[in-house]
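# Chains, contacts and geometry: an overview
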Amino acid sequence: MSATRKRKESKKKAQNTDDKELENNVDEKGRPSREVRTTTDPSIYKKAASRALVRVVFIALFLIGLMFIRGKEDMKTLAKQSEKYTKKTFQTSCSKDYDDYKRFKGCTPVRCGRIVMDGVISEPEARGLLSIAKKGLAYGGSYGGASILDLHSGALSKGSSFINLYKFLENEELDPIYSKRDVQLYTTIKNRIKAVIATEFAIKPSRLHLTHPTFFSRMTSAPAQTVHDEYWHPHIDKITYETFDYTSLVYLTDYSKDFTGGRFVFVDKEGNWTVEPKVGRLSFFTSGSENLHYVEKVASGTRYAITVSFTCDEDHAIGDPNFS
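To start, this report covers the structure provided alongside it. What you are looking at is a predicted structure, and each value in this text was computed from that prediction instead of being measured. Every chain begins its residue count from 1, and numbering advances along the sequence as written. Local features in this predicted model are restricted to residues of pLDDT 70 or higher, and side-chain atom pairs are both shown and tallied only at a pLDDT of 80 or more, whereas totals for entire chains, interfaces and linings draw on every residue. The side-chain figures draw on all heavy atoms in the structure; neither hydrogens nor water molecules are used.

### Remarks on the packing of helix α4 (residues 123-137) against helix α6 (residues 180-200)
Taken N-terminus to C-terminus, the directions of α4 and α6 make an angle of 120°; their axes are 10 Å apart at the nearest point. Comparing the axis directions of α4 and α6 gives the class oblique. α6 is crossed by α4, and the crossing has left-handed handedness. Between α4 and α6, the residues in contact are Glu125, Gly128, Leu129, Ile132 and Lys135 and Asp182, Leu185, Tyr186, Ile189 and Arg192, respectively. Axis definition: a line fitted to C-alpha atoms, limited for helices to the stretch in contact. Angles are taken between N-to-C directions and run from 0 to 180 degrees. We count a stretch as a helix when DSSP gives it H or I for four or more residues in a row; a strand needs E for two or more, and each element gets its number in order from the N terminus. Roughly parallel covers angles under 35 degrees, roughly antiparallel covers those over 145, roughly perpendicular covers 65 to 115, and oblique covers all other angles. Here a crossing is taken to be left-handed if its near helix is turned anticlockwise relative to the far helix by less than a right angle, and right-handed if that turn runs clockwise. A contact between two residues is defined here by any heavy atoms of the two lying within 4.5 Å.

### Structural notes on the packing of aromatic side chains
Only the six-membered ring of Trp is used, alongside the rings of Phe and Tyr, when aromatic pairs are assigned; centres must lie within 6.5 Å, and planes under 30 degrees apart are stacked while those over 60 apart are edge-to-face, with the rest tilted. Going through the model one piece at a time under the given rule, you end up with eleven aromatic pairs. Ring centres of Phe264 and Phe285 lie 5.7 Å apart, and the angle between their planes is 45°; on these two criteria the pair is classed as tilted. Of this pair, Phe264 sits in strand β11 (residues 264-268) while Phe285 sits in strand β13 (residues 282-286); the two residues are 21 residues apart in sequence, bridging distant segments of the chain. Comparing Phe264 with Phe285 shows no difference in burial state: the two are buried. When a residue's accessible area, from a 1.4 Å probe over protein chains only, is under 20% of the maximum for its type it is buried; when over 50% it is exposed; and in between it is partly exposed.

### Some points on the side chain of Glu296
Among the secondary structure elements, Glu296 is positioned in the loop between β14 (293-295) and β15 (298-301). Judged by its relative accessible area of 15%, Glu296 is buried. Counting of polar contacts relies on pairs of N or O atoms within 3.5 Å, with two restrictions inside protein: one atom must be capable of donating a hydrogen and the other of accepting it, and residues adjacent in sequence are counted only when both atoms are side-chain atoms. Polar side-chain contacts of Glu296 include one of 2.8 Å to the side chain of Arg263. With residues up to four places along the chain from it excluded, the contact list for Glu296 reads Met75, Tyr231, Gly261, Gly262, Arg263 and Val265.

### Thoughts on the environment of Ile239
You can see Ile239 is positioned in helix α7 (residues 237-240). When the C-alpha positions of Ile239 and Ser287 are compared, they lie 8.6 Å apart, and in sequence the two are 48 residues distant.

### Here we look at the nonpolar core
The biggest cluster of nonpolar side chains holds 43 residues, and the ones touching the most others in it are Leu129, Leu151, Ile193, Phe216 and Tyr246. Contributions of two or more residues to this core are made by β3 (112-117), α4, α5 (165-171), α6, β8 (209-219), β9 (246-251), β13 and β16 (303-311). Excluding residues within four positions of it along the chain, Leu129 makes contact with Leu185, Tyr186, Ile189, Phe216, Val250 and Leu252. Core analysis: the next-biggest nonpolar cluster, separate from the first, contains 20 residues, Phe90, Tyr255, Phe259 and Phe264 among them. Each nonpolar core is a collection of buried residues, namely Ala, Val, Leu, Ile, Met, Phe, Trp, Tyr and Cys, held together in the definition by side-chain atoms within 4.5 Å.

### Digging into the sheet that holds β11
For two strands to pair, DSSP has to find at least two bridges joining them. Across the sheet, four strands lie side by side as β1-β12-β11-β14; this open sheet has mixed pairing. Every other strand in the sheet has two partners, leaving β1 (75-79) and β14 as the edge strands with one partner each. Pairwise comparison of adjacent strand axes, ignoring direction, gives a mean angle of 30° for this sheet. Relative to β14, β11 is paired through three bridges, and the arrangement is antiparallel. Bridge pairing links Phe264 to Val295 in β14.

Encoded structure:
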């Protein structure tokens with residue numbers, strides 16, 4: 001047998017083994033199995049996920065594209081930066097997304113919608129959260145227009161990848177950057193948001209759990225350098241992060257004052273609804289496809305916010321960050 005033929009047969013055998021291994025690592029719905037999803041080797045997840053999801057990606061992008069284009073022609077404002085809302089509610093029918101996951105009675109959304117509230121978080125409190133974000137982001141920052149800081153895991157955008165903020169400070173023999181006051185503020189705001197969501201969606205607070213990722217974001221007009229910088233694509237939180245059941249955001253800078261562009265946009269069949277960021281404004285919604293959304297590209301200035309996410313599944317709950 002020639003050397004060339006041997007190489008071809010060897011390559012074919014390796015490919016068949018690869019395909020069989022990947023088939024065994026996806027569940028009945030075509031998603032990576034739990035073992036693959038929790039592995040410390042991200043390459044295994046990427047291979048399995050790409051093969052499992054490739055059949056639906058084109059369909060999803062096509063449908064989202066149609067809604068996105070149609071919505072651009074009919075942009076409506078749900079919440080203006082110049083106005084103050086005690087509570088503004090927009091009810092929607094719940095999607096069937098939640099049927100694809102384990103349901104938790106008394107918590108999994110059965111009444112869906114989006115709510116905007118001003119006054120739940122004061123402007124001084126929002127400025128305090130902004131200070132927390134800036135302290136951490138000062139040690140990193142993406143090459144592109146989007147940077148994140150996760151105080152729970154320590155994940156911080158730096159260049160084209162991520163570092164662990166706490167390990168970085170330790171390795172550089174730097175003092176902790178957060179005070180007890182920072183810890184208290186962060187925890188207080190998180191608990192207040194949880195209580196508001198539980199009240200508005202008629203959930204027992206004990207059944208609602210903070211989940212990951214919960215993070216600060218900083219967005220600028222810098223061109224995207226990696227996929228992590230492309231925050232403007234329409235997406236569904238329950239599909240992007242399957243742990244999410246309720247998503248909330250607190251805005252830490254003002255639309256039209258601190259930045260232009262960067263509005264939060266809900267995509268509906270009949271048109272898009274925008275939320276204009278305002279310091280201290282709380283926006284929250286059920287995480288299924290009834291609330292498809294995206295963020296406009298920031299045209300100028302810097303947009304800061306914090307995403308605080310909640311799950312009904314206690315197995316995916318996370319504790320408060322220890323800031324170290």
